[in-house]
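Each chain, letter by letter, is given below.
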Amino acid sequence: MIKMHGYIPRLAEQALQRGLSRAPALALLGPRQCGKSTLARQWLGDAPDLPR
């Protein structure tokens, strides 16, 4: 298994920025292991309610 270090920018970041500018909350939906939690951590920091 190859272990990657660092954050890989995602195309969804632009959509996330637009969504957060329109509403105080949004949902990140997608298949397993596509980077939803990683994207949320990148934007929100290490919030205690994000899954590990």
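Provided above is the structure to which this section pertains.
Keep in mind it's a predicted model, so treat the numbers as computed, not measured.

1. Here we look at unusual backbone geometry
For step 1, the next point in the chain: For Q33, which is not a glycine, the phi torsion comes out positive at approximately 60°.
For step 2, the next point in the chain: Examined against the element boundaries, Q33 turns out to sit in the loop between helix 1 (12-22) and helix 2 (36-44).

2. Some thoughts on a nonpolar patch on the surface
For step 1, the next point in the chain: A cluster of nonpolar side chains, L20, L26, L28, W43 and L44, forms an exposed patch at the surface whose accessible area comes to about 420 Å².
For step 2, the next point in the chain: Here L20 shows up in helix 1.
For step 3, the next point in the chain: Judged by relative accessible area, L20 falls into the partly exposed class, the value being 34%.

Thresholds, definitions, all that
- Residues numbered from 1 in each chain as written.
- Predicted model: local features only at pLDDT ≥ 70, side-chain atom pairs only at ≥ 80, totals over all residues.
- Heavy atoms only, no water.
- Helix = DSSP H or I, 4+ residues; strand = E, 2+ residues; numbered from the N terminus.
- Patch = residues over 30% accessible without salt bridge, like charges linked within 9 Å, V, L, I, M, F, W, Y side chains within 5 Å.
- Areas by Shrake-Rupley, 256 points an atom, 1.4 Å probe, with all protein chains shown as cover.
- Salt bridge = Lys/Arg side-chain N within 4 Å of Asp/Glu carboxyl O.
- Buried < 20%, exposed > 50% of the residue type's maximum accessible area, 1.4 Å probe, protein only.

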